[in-house]
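# Fold and geometry: a report
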Amino acid sequence: MTVPQPKLSWQDSARQVQVVRDLSIESVDPAIAAFPDTHTGRVIDFPRKHLSQTEIAITETSAESLVASLATGKLTATAVTKAFLRRAAIAQKLSSTKTNCIYELLPERAIARAQELDDYVTKHGKPSGPLHGLPISIKAHVGLKGRDLAAGFVSGLDRVSKDDANIVKILLDAGAVVYARTTEPQGLMALETYSNITGTTTNPHNTALTPGGSSGGESALQALYGSPLGIGSDIGGSIRSPAANCGLYGLKPSTGRLPLIGCASYLLGCEAIMGTLGPISPTLGGVELFMKTIIEAKPWVKDSMMLPIPWRDQEKHIHQDNKKLTVGVMWTDDVVTPAPAVTRALKEVVERLKLVDNIEVIEWKAYKQKEALEILTRLYAPDGGKAFARHAEASGEPLTPLTAWTLRDTPGIEELSHQGLWDWTGKREMFRYSYLQEWNNVAPEMDVILCPAFPTPAPLHDTSRYWGYTSLFNLLDYSALVFPVTKVDLERDAKDTAYIPKNEFDSWAYENYDPVKQKDAPVSLQLVAKKFEEEKLLQAFKEIQEKIGLPFVDCLA
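Here is a short report on the structure shown in this document. Treat the numbers as computed from the prediction; the structure is a model and nothing was measured. (Residues numbered from 1 in each chain as written. Predicted model: local features only at pLDDT ≥ 70, side-chain atom pairs only at ≥ 80, totals over all residues. Heavy atoms only, no water.)

Further remarks concern helix 11 (residues 340–353). Over its 14 residues, helix 11 extends 20 Å from the first C-alpha to the last, a length consistent with the 20 Å expected when each residue adds 1.5 Å. By the burial criterion, the buried members of helix 11 are Ala341, Val342, Arg344, Ala345, Leu346, Glu348, Val349, Val350 and Leu353. Along its buried surface, helix 11 packs onto strand 9 (325–329), strand 10 (359–363), strand 11 (448–452), strand 12 (479–487), strand 13 (522–529) and helix 18 (534–548). (Helix = DSSP H or I, 4+ residues; strand = E, 2+ residues; numbered from the N terminus. Expected span 1.5 Å × (residues − 1). Buried < 20%, exposed > 50% of the residue type's maximum accessible area, 1.4 Å probe, protein only. Contact = heavy atoms within 4.5 Å.)

Okay, here's the thing in structure tokens:
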């Protein structure tokens with residue numbers, strides 16, 4: 001007779017995950033030395049002090065350059081994988097104020113895979129695929145065979161993935177090496193990264209700040225050059241918030257372009273607002289490499305959720321018939337006024353764009369943002385947040401402050417009846433239709449929208465309550481890219497003490513902006529194109545980047 005085992009407390013379940021994580025860090029070879037418990041504030045430079053010059057050179061090389069060197073045999077997959085494992089381990093071990101970005105390293109799996117790839121080159125004299133030997137990190141809710149699929153809930157730790165997620169299979173077929181799983185917040189539903197499983201993930205630029213969420217583990221790791229390319233996910237800004245906060249490039253594609261099968265989320269099956277996977281990288285080239293690799297694998301052949309849209313070269317479309325690239329500037333969404341640092345970054349970009357002959361800059365006024373927020377509030381939690389609460393209650397873990405705000409305490413959240421869900425979904429579709437008509441009627445020549453990604457630079461922990469600048473484009477299902485511009489400047493970005501906030505959200509953002517406390521934070525912006533225009537969006541940004549020299553300051557230095 002089998003004696004039933006007592007159920008672990010949520011605290012003990014979380015500790016088991018932390019033990020597995022710590023053992024994975026200790027398994028890295030050569031081992032990482034213990035660090036003195038003195039590191040606070042800015043820790044960006046710390047890994048360089050504990051790596052060899054060869055390891056530094058490898059890990060600070062872009063994904064696209066690494067792929068080229070791996071393809072020619074200049075670098076081996078084993079050497080590259082070991083270098084990133086060591087840098088990721090250092091990122092995790094940064095003292096009591098550690099960035100806490102790693103959910104779990106996979107050294108045994110990764111080294112075996114790298115050796116397999118090196119053997120392939122020896123035998124065949126060519127790379128195994130377009131990503132041959134490239135280490136890629138993945139957000140923890142992206143399925144890996146035999147690993148847990150908690151999706152930020154303690155009650156999900158018993159759920160084990162039976163197979164790799166479809167997107168992981170495509171990356172592996174292309175020659176990638178999966179070596180790290182990164183942290184995520186409770187239930188994936190916050191623009192910061194705190195869970196009862198792994199605790200708080202911090203921003204390496206300034207550990208008093210959040211790296212964003214829900215892909216905050218990815219952004220913190222990449223800000224420390226612990227990963228050249230990673231998978232995030234986005235249902236309200238969860239790729240773009242972390243990329244913006246940490247000075248990275250992050251793309252939210254439209255739904256239906258990247259495969260979701262094999263990823264975990266408590267929202268699976270609810271299509272009120274759909275999430276999507278997407279790339280985060282220290283370079284724009286990494287983002288484009290990721291997208292091209294996945295889409296050129298034709299995921300729609302094996303996945304009926306995917307749309308059969310091949311990767312398209314849009315360069316001729318932007319300047320067809322000698323048309324200028326037209327950029328519409330949205331200075332504010334008329335609900336929350338951007339902080340001085342964000343407005344300055346936007347002004348500096350616009351001033352330089354106006355000097356470029358082949359680019360036209362126009363004004364784009366926010367369109368019915370309050371209506372958009374009303375729809376989003378209902379459709380993010382159409383059950384009034386009950387499913388989220390059930391997942392937390394199943395283990396006894398408490399709701400974290402931000403998830404409680406997002407799914408329980410935000411004004412307007414309510415449990416919808418069937419008819420109510422139909423009504424609000426109908427409003428969603430009418431809003432999408434009317435926004436497109438506004439674009440077509442008011443600015444038919446506009447190719448992309450340039451706007452803030454968040455009202456402030458990377459916020460202090462537990463203050464990321466407003467996500468209207470990103471979630472708007474989840475509601476519309478538009479393509480959106482976040483990119484770094486500059487850093488907070490204490491003199492030029494001083495708080496406007498005469499400003500009078502317009503509403504509760506505006507007041508919250510205003511009160512939590514402090515350029516002194518947000519010292520060293522990157523300042524990023526967002527570029528948006530219409531639905532399914534990822535290629536056009538990237539082509540437009542590449543032209544902008546080349547013509548005006550973005551970023552103006554190296555945000556990862």
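So, about the pattern of salt bridges. Summed over all chains, the structure comprises 33 salt bridges. The closest approach of N and O atoms between Glu348 and Arg344, which form a salt bridge, is 3.0 Å. With a gap of 4 residues between them, Glu348 and Arg344 both fall in helix 11, about one helical turn apart. What makes Glu348 buried here is its relative accessible area of 16%. The closest approach of N and O atoms between Arg408 and Asp409, which form a salt bridge, is 2.8 Å. On the accessibility criterion, Asp409 (37% relative accessible area) is partly exposed. Overlapping salt bridges bring together Arg42, Asp45, Arg48, Glu60 and Arg87 as one network. (Salt bridge = Lys/Arg side-chain N within 4 Å of Asp/Glu carboxyl O.)

With that settled, consider the nonpolar core. By size, the foremost hydrophobic cluster in this structure holds 104 residues, and its most contacted members are Ile167 and Leu450. Discounting residues that sit within four places of it in the chain, Ile167 has contacts with Val142, Ile231, Leu258, Pro259, Leu277, Phe290 and Ile294. Leu191, Leu373, Ala381 and Val528 belong to the second largest nonpolar core, which has 48 residues in total. (Core = buried A, V, L, I, M, F, W, Y, C linked by side-chain atoms within 4.5 Å.)

For the rest of this paragraph, the subject is unusual backbone geometry. Residue Pro30 is bonded to the preceding Asp29 through a cis peptide linkage, with omega at -5°. Residue Pro551 is reached from Leu550 by a cis peptide bond, and omega for that bond is -10°. Among the structural elements, Pro551 can be located in the segment after helix 18. The backbone of Asn100 shows a phi angle near 55°, a positive value even though the residue is not glycine. Tracing the backbone shows Asn100 in the loop between helix 4 (77–92) and strand 1 (102–105).

This next bit is on the side chain of His132. Within the fold, His132 resides in the loop between helix 5 (107–124) and strand 2 (135–139). In terms of polar contacts, His132 uses its side chain to reach the side chain of Ser128, at 3.0 Å. If we skip the residues at most four places from it in the chain, His132 touches Leu70, Leu117, Val121, Pro127, Ala174 and Gly175. (Polar contact = N/O pair within 3.5 Å; in protein donor to acceptor, adjacent residues only side chain to side chain.)

Before going further, it helps to spend a moment on the pairing of strand 12. Across the 9 residues of strand 12, 9 count as buried, placing the element largely inside the fold. When strand 7 (residues 249–252) meets strand 12, the two strands line up antiparallel, connected through 3 bridges. Bridge pairing links Gly250 to Val482 in strand 12. Taken together, the 8 bridges between strand 12 and strand 13 define a ladder with antiparallel strand orientation. In the strand pairing of strand 13, Leu481 is matched with Leu527. (Pairing = 2+ DSSP bridges.)

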